[in-house]
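# A structural walkthrough
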Protein chains: 2
Amino acid sequence: MLSKKTKYGLKALTYIAKKDCGKQPVLIAQIAKDENISKKFLEIILLQLKNSGFLGSKKGKGGGYYLLKKPEDITVAALMRILEGPIAMLPCVSLNFYEKCDDCISEEECSLSRVMIEVRDSTLKVLENTTLADLC
Amino acid sequence: MLSKKTKYGLKALTYIAKKDCGKQPVLIAQIAKDENISKKFLEIILLQLKNSGFLGSKKGKGGGYYLLKKPEDITVAALMRILEGPIAMLPCVSLNFYEKCDDCISEEECSLSRVMIEVRDSTLKVLENTTLADLC
DNA sequence: AAAAAGTCTACTAATTCGATAGACTATTAG
DNA sequence: CTAATAGTCTATCGAATTAGTAGACTTTTT
């Protein structure tokens, strides 16, 4: 299951993408209200997305957040990796967050890796091919 | 990511399935040792799998755990639902653990549900078609 | 100077995760 | 009958994570 953080982040970005036509920055408070998200929690999430290069921000009156890339160029997979971490079900089959399993003797002998690679690939096929533009 | 509980459970069942030819029950201690799993933690896991109808057990000398079904009839999806819970990424698109999202106004308007249904279906396609027999 | 709006630091409560200890019960071998 | 074996039950436990809150601070605009 996705954490609320990831869910909120995806929803917030979709919200910004929808409003972003006029290039007028979008307020945290407005997103929080319209999407039923705790404002304080959303602040943390949007800041993280800014620090990851997806969002820009402007302070003061007329400020807010705006996309730094075109919605078509932002995949759900990339966002999930920032907000949620690994997409794979096991660390030893993760492409971006690989880690050795501490209980497995050898990677080849692991009975689970084959299935989990299949799951990973079929999940990525969807997430890499879905962009913010598709969510709008 | 899968919890260690799920990972250990799947590994333990695979282990039992491999040894199950002679119908001689398999010891918790033996699985724990060979698969590098905490014995006490494994006890809890196997008990849960027994209470879910996948395993039978025998106490006393010569006891242990054994499969109640044929490996070909036990899907990884079914096991994951017992050990891990929902397979879907959002409660509102889960087939077996459906719950309404508290933040969403309406299910139809949710921008995320379409993608998450796709992910769910492609994941299930793999997990429903992989059985314990395939892991051996 | 005042108001607006993002940023930063610091908590907190609740839950989950992984693991452990020890007593109890059922079964079998001798 | 009894000793050993092996699963079962109860009770914790520490660490990490999750979701959220409070409030001070900084930058920008009017």
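Residues numbered from 1 in each chain as written. Chains lettered and ligands numbered in written order. Predicted model: local features only at pLDDT ≥ 70, side-chain atom pairs only at ≥ 80, totals over all residues. Heavy atoms only, no water.

Turning next to the overall build of chain A. For chain A, the count of helices and strands is six helices and two strands. Traced from its N-terminal end to its C-terminal end, chain A shows the element sequence α-α-α-β-β-α-α-α. Here the C-alpha coordinates of chain A stretch approximately 60 × 25 × 25 Å along the principal axes. Every one of the 136 residues in chain A was classed for burial, and the buried ones make up 51%. Taking the contacts inside chain A whose residues are at least 6 apart along the sequence as the reference set, 58% of them involve residues at least 24 apart. In the structure as shown, chain A presents an accessible area of about 6,800 Å², 53% of it carried by carbon and sulfur atoms. (Helix = DSSP H or I, 4+ residues; strand = E, 2+ residues; numbered from the N terminus. Buried < 20%, exposed > 50% of the residue type's maximum accessible area, 1.4 Å probe, protein only. Contact = heavy atoms within 4.5 Å. Areas by Shrake-Rupley, 256 points an atom, 1.4 Å probe, with all protein chains shown as cover.)

Once that is clear, we can look at the protein's contact with DNA strand C. Around DNA strand C, 27 residues are found, and the nearest of them are Lys50(A), Gly64(A), Tyr65(A), Lys4(B) and Lys40(B). Counting only the atoms of DNA strand C within 4 Å of the protein, the fraction contributed by sugar and phosphate is 73%. Interatomic distance of 2.7 Å between a side-chain N/O atom of Lys50(A) and a phosphate oxygen of DNA strand C. Lys58(B) has a polar side-chain atom sitting 3.4 Å from a phosphate oxygen of DNA strand C. Elements with a minimum of two residues in the surface near DNA strand C: helix H3 (39-51), strand E1 (55-58) and strand E2 (64-67) of chain A together with helix H1 (4-19) and helix H3 (39-51) of chain B. Grouping the constituent residues of the surface near DNA strand C by class yields eight nonpolar, seven polar and twelve charged. (Near = heavy atom within 4 Å. Polar contact = N/O pair within 3.5 Å; in protein donor to acceptor, adjacent residues only side chain to side chain. Nonpolar A, V, L, I, M, F, W, Y, C, P; charged D, E, K, R; others polar.)

All names here are of chain A. One non-glycine residue, asparagine 36, lies in positive phi territory at about 60°. With respect to the element layout, asparagine 36 can be found in the loop between helix H2 (28-34) and H3. The exposure class assigned to asparagine 36 is partly exposed, which follows from its relative accessible area of 44%.

This paragraph deals with the protein's contact with DNA strand D. Around DNA strand D, the surrounding shell holds 24 residues, and the nearest of these are Lys40(A), Phe41(A), Lys50(B), Gly64(B) and Tyr65(B). Within the contact set of DNA strand D, a phosphate oxygen lies 3.1 Å away from a backbone nitrogen or oxygen of Lys4(A). In this structure, Ile28(B) approaches DNA strand D through a main-chain N or O atom, which is 3.4 Å from a phosphate oxygen. Taken together, the elements giving at least two residues each to the surface near DNA strand D come down to helix H1 (4-19) and H3 of chain A together with H3, strand E1 (55-58) and strand E2 (64-67) of chain B.

The element helix H4 (residues 76-83) of chain B is largely enclosed, with a buried count of six among its eight residues. Looking at the buried side of H4(B), the elements it contacts are H1, H3, helix H5 (113-127) and helix H6 (132-135) of chain B.

This next bit is on the relation of the copies chain B and chain A. Here chain B sits on chain A after a turn of 180° about the axis and a move of 0.0 Å along it, with an RMSD of 0.0 Å. Taken together, the rotation and translation relating the two chain copies correspond to the operation of a two-fold axis. Residue by residue, 100% of the interface of chain B is reproduced at the interface of chain A, so both copies engage with the same surface. (Least-squares fit on C-alpha atoms with pLDDT ≥ 70 in both.)

This brings us to the pattern of salt bridges. Taken as a whole, this structure holds 14 salt bridges over all chains when the rule is applied. A salt bridge links Asp103(A) to Lys11(B), with the shortest nitrogen-to-oxygen separation between them at 2.9 Å. With Asp103(A) in the loop between helix H4 (76-83) and helix H5 (113-127) and Lys11(B) in helix H1, this pair bridges two chains. Each of the two residues, Asp103(A) as well as Lys11(B), counts as buried. Ionic contacts of the salt-bridge type, sharing partners, join the residues Lys7(A), Lys11(A) and Asp103(B) into one network. (Salt bridge = Lys/Arg side-chain N within 4 Å of Asp/Glu carboxyl O.)

Turning to the packing of aromatic side chains, a few remarks are in order. Residues and elements named next belong to chain A. For the structure shown, the criterion picks out two aromatic pairs over all chains. When the centroid spacing of 5.8 Å and the interplanar angle of 80° are considered together, the rings of tyrosine 8 and phenylalanine 41 count as edge-to-face. With tyrosine 8 in helix H1 and phenylalanine 41 in helix H3, the pair connects residues that are 33 residues apart, well separated along the chain. Classification of tyrosine 8 by relative accessible area gives buried; the value is 8%. The partly exposed category is assigned to phenylalanine 41, whose relative accessible area is 31%. (Phe/Tyr/Trp six-rings, centres within 6.5 Å; stacked < 30°, edge-to-face > 60°.)

Without other data, these values stay purely geometric and don't point to any function.
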